[in-house]
Amino acid sequence: MPETNPPHDCPRCPRLVAFRHDNQRHYPDFFNGPVPTWGDAHPGLMIVGLAPGLKGANRTGRPFTGDYAGDLLYATLEKFGLATGHYKQRPDDGLKLRNVLIANAVRCVPPQNKPTGDEIRTCRPFLGAAIEVHRPRAFLALGRIAHDSLLTTLGEKRSKFPFGHGAEHRLSSGATLFDSYHCSRYNTNTGVLTTTMFEDVVGRAAALVAV
């Protein structure tokens, strides 16, 4: 079976390794490692994000856990029956995902939340392995970088499936790709993404995988 998650001390990206070591010194109680996929082992929907946040998933070791993006994401998943329990910004909150798996295009936190092209390419085999093992029927890409990396992982031509918030693409495999702006605090504070906009996309994805 292919490795769906890097080891905690993954050495593949020198810049991210150096940043990890800095964070281990500055934040010794943080997770400080590649954040593994999390959720249902047999998902209808895979949510693909960009990378862990420094004081969010890099702290807690669970995707989107500990920062604002998780507040909006998990509340929306709960609303549409894709999660049970209540999100409390910590990995022991008892929250469980239903029919959903979350993975990041880049598993290690990058400086300034900006992975390089080489880092995205280097981490891509883990995304491909997760897709191969878990075989979702639909994808939700949070942001353009996640969208592009996912299409490349799947062997699709990016030009055939342009990113756009609310876009819905039928892929060559028959799977469906939904696009959303990233649910970051910046996007919500500036009005780029509203709760209504996000709920519309997640709701459509939830309805598809519920069939």
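A. The sheet that holds strand β1 (residues 38-39), seen in detail. Taken together, the 6 strands give an open sheet; going across it, the order is β1-β5-β2-β6-β8-β7, and neighbouring strands pair in mixed fashion. In this open sheet, the two strands that pair with only one neighbour each are β1 and β7 (168-170). Judged from the 3 bridges that link them, β7 and strand β8 (residues 176-180) form a sheet pairing that is antiparallel. Pairing of Glu 168 across the sheet is with Phe 178, part of β8. Relative to the sheet, helix α7 (residues 195-210) contacts β2 (45-49), β6 (138-142), β7 and β8, its axis offset from that of β8 by approximately 165 degrees.

B. Representation of unusual backbone geometry in the model. Phi is positive for Asn 99, which is not a glycine, with a value near 65 degrees. Of note, Asn 99 is situated in the loop between β4 (96-97) and β5 (100-104). Its relative accessible area of 23% is what places Asn 99 among the partly exposed residues. A positive phi angle is found at Asn 113, which is not glycine, with a value near 60 degrees. Exposure remark for Asn 113: the relative accessible area of 46% places this residue in the partly exposed category.

C. Structural view of the nonpolar core. Judged by nonpolar contacts, the single largest core of 28 residues is most densely connected at Leu 45, Ile 47, Leu 73, Tyr 74, Leu 77 and Cys 183. For this core, the secondary-structure elements that each account for two or more residues are β2, α3 (68-79), β5, β6 and α7. Residue contributions to this core peak at 6 residues, all from α7. Listed in part, the 16 residues of the second largest apolar core include Ala 103, Leu 127, Phe 139 and Ala 141.

D. Broad picture of the environment of Tyr 68. Along the chain, Tyr 68 turns up in helix α3. Separated by 12 residues in the primary sequence, Tyr 68 and Gly 56 place their C-alpha atoms 8.4 Å from one another. With near-sequence residues (within four places) excluded, Tyr 68 lies in contact with Cys 183, Ser 184, Arg 185 and Thr 188.

E. Representation of the packing of aromatic side chains in the model. Within the structure shown, the criterion is met by 4 aromatic pairs. On the numbers, 4.6 Å between centres and 10 degrees between planes, the contact of Tyr 27 with Phe 30 is stacked. Given a relative accessible area of 24%, Tyr 27 falls into the partly exposed group. The interplanar angle of 80 degrees and the centroid separation of 5.9 Å between the aromatic rings of Trp 38 and Tyr 74 together place this pair among those described as edge-to-face. Remark: Tyr 74 occurs in helix α3 and Trp 38 occurs in strand β1; sequence separation between them is 36 residues. A residue is classified by how much of its surface remains accessible, and Tyr 74, at 0% relative accessible area, is buried. Counting every residue linked through ring pairs, the aromatic cluster contains Trp 38, Tyr 74 and Tyr 87. Over the aromatic face of Trp 38 sits the side chain of Arg 62, whose NZ or CZ is 4.3 Å from the ring centroid. The side chain of Arg 62 reaches across the aromatic face of Tyr 74, ending 5.7 Å from its centre.

Scoring rules and cut-offs
Residues numbered from 1 in each chain as written. Predicted model: local features only at pLDDT ≥ 70, side-chain atom pairs only at ≥ 80, totals over all residues. Heavy atoms only, no water. Pairing = 2+ DSSP bridges. Helix = DSSP H or I, 4+ residues; strand = E, 2+ residues; numbered from the N terminus. Contact = heavy atoms within 4.5 Å. Axes fitted to C-alpha atoms, helices over the stretch in contact; angles between N-to-C directions. Buried < 20%, exposed > 50% of the residue type's maximum accessible area, 1.4 Å probe, protein only. Core = buried A, V, L, I, M, F, W, Y, C linked by side-chain atoms within 4.5 Å. Phe/Tyr/Trp six-rings, centres within 6.5 Å; stacked < 30°, edge-to-face > 60°. Lys NZ or Arg CZ within 6 Å of the ring centre and 35° of its normal.

Function cannot be inferred from these measures alone, as they are strictly geometric.
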